Amino acid sequence: MKLRYLMIAAAAFGASVAGPVALLAPAQADGGVFVGTQGGSVALSGYDTVSYFQGNGAPVIGNARFMVEHEGAQFHFSSQANADLFKEDPDRYAPQYGGHCAWAMSRGSLAPGDPTLYKIHGGKLYLNFNRDVQQTWLGDVDGFIAKSDPAWANVPDGKKFGD
């Protein structure tokens, strides 16, 4: 267990533990969205991804009763209305970089994104690994996104999610 957390921390701070992109396959859904460290296949640790965009101050936990499968992960929603919004346009609501830490991706690493440490920027949802990383990322959001987008595009599909 300690080794796993060391790998996560190393990935979040840009150290390479598996080549240029640190892979954390145990925390991936089979098809593509990072699902958190609790295991299973629930994206965003069960948070309703649409709720991030509703301006209520904080995202809310979804309910498995309102579940939509997308990219190999189960997204839970707090209402059928939110599930329907997601079904209509999942790319609008799904977290960037498959839910991995946006700052780590700017360093060419995959690290878990904490669903409680987020920012909506340019209409997109970005997660960060921890508060310290988030503070760094918030210092130059546009600059880090400019590095993260091409880094994400260059990660082979088979390695993004532990396929």
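Before any of the text, the structure's been laid out above.
Heads up: these notes are all about the structure in this document. (Residues numbered from 1 in each chain as written. Predicted model: local features only at pLDDT ≥ 70, side-chain atom pairs only at ≥ 80, totals over all residues. Heavy atoms only, no water.)

1. Thoughts on the packing of helix H5 (residues 131–138) against helix H6 (residues 141–154)
Close contact between H5 and H6 brings their axes to 7 Å; oriented N to C, the two are set at 100°. Taken together, the axes of H5 and H6 are roughly perpendicular relative to one another. Contact residues: Thr136, Trp137 and Leu138 in H5; Val141, Phe144 and Ile145 in H6. Of the residues assigned to the contact of H5 with H6, the class counts are 5 nonpolar, 1 polar and no charged. (Axes fitted to C-alpha atoms, helices over the stretch in contact; angles between N-to-C directions. Helix = DSSP H or I, 4+ residues; strand = E, 2+ residues; numbered from the N terminus. Parallel < 35°, antiparallel > 145°, perpendicular 65-115°, else oblique. Contact = heavy atoms within 4.5 Å. Nonpolar A, V, L, I, M, F, W, Y, C, P; charged D, E, K, R; others polar.)

2. Some remarks on the nonpolar core
Across soluble globular proteins, nonpolar side chains show a tendency to be buried alongside one another. Tyr97, Cys101, Trp103, Met105, Tyr126, Trp137 and Ile145 are the most contacted members of the largest nonpolar core, which has 18 residues in total. For this core, the elements supplying multiple residues, two or more each, are helix H4 (102–106), H5 and H6. (Core = buried A, V, L, I, M, F, W, Y, C linked by side-chain atoms within 4.5 Å. Buried < 20%, exposed > 50% of the residue type's maximum accessible area, 1.4 Å probe, protein only.)

3. Let's talk about the pairing of strand E1 (residues 63–70)
In terms of strand pairing, E1 meets strand E2 (residues 73–77) through 5 bridges, oriented antiparallel. Looking across to E2, one finds that Met67 is bridged to His76. Between E1 and E2, which pair antiparallel in sequence order, lie 2 residues; one of them, Glu71, sits at a positive phi of approximately 55°. (Pairing = 2+ DSSP bridges.)

4. Let's talk about the packing of aromatic side chains
Per the stated rule, a full pass over the model turns up 7 aromatic pairs. On the numbers, 5.3 Å between centres and 85° between planes, the contact of Phe53 with Tyr93 is edge-to-face. Taken together, the positions of Phe53 in the loop between helix H1 (2–12) and E1 and Tyr93 in helix H3 (residues 90–93) put the pair 40 residues apart, joining distant regions of the chain. Residue class for Phe53 comes out partly exposed when judged on its relative accessible area of 22%. For Tyr93, a relative accessible area of 4% corresponds to the buried category. (Phe/Tyr/Trp six-rings, centres within 6.5 Å; stacked < 30°, edge-to-face > 60°.)

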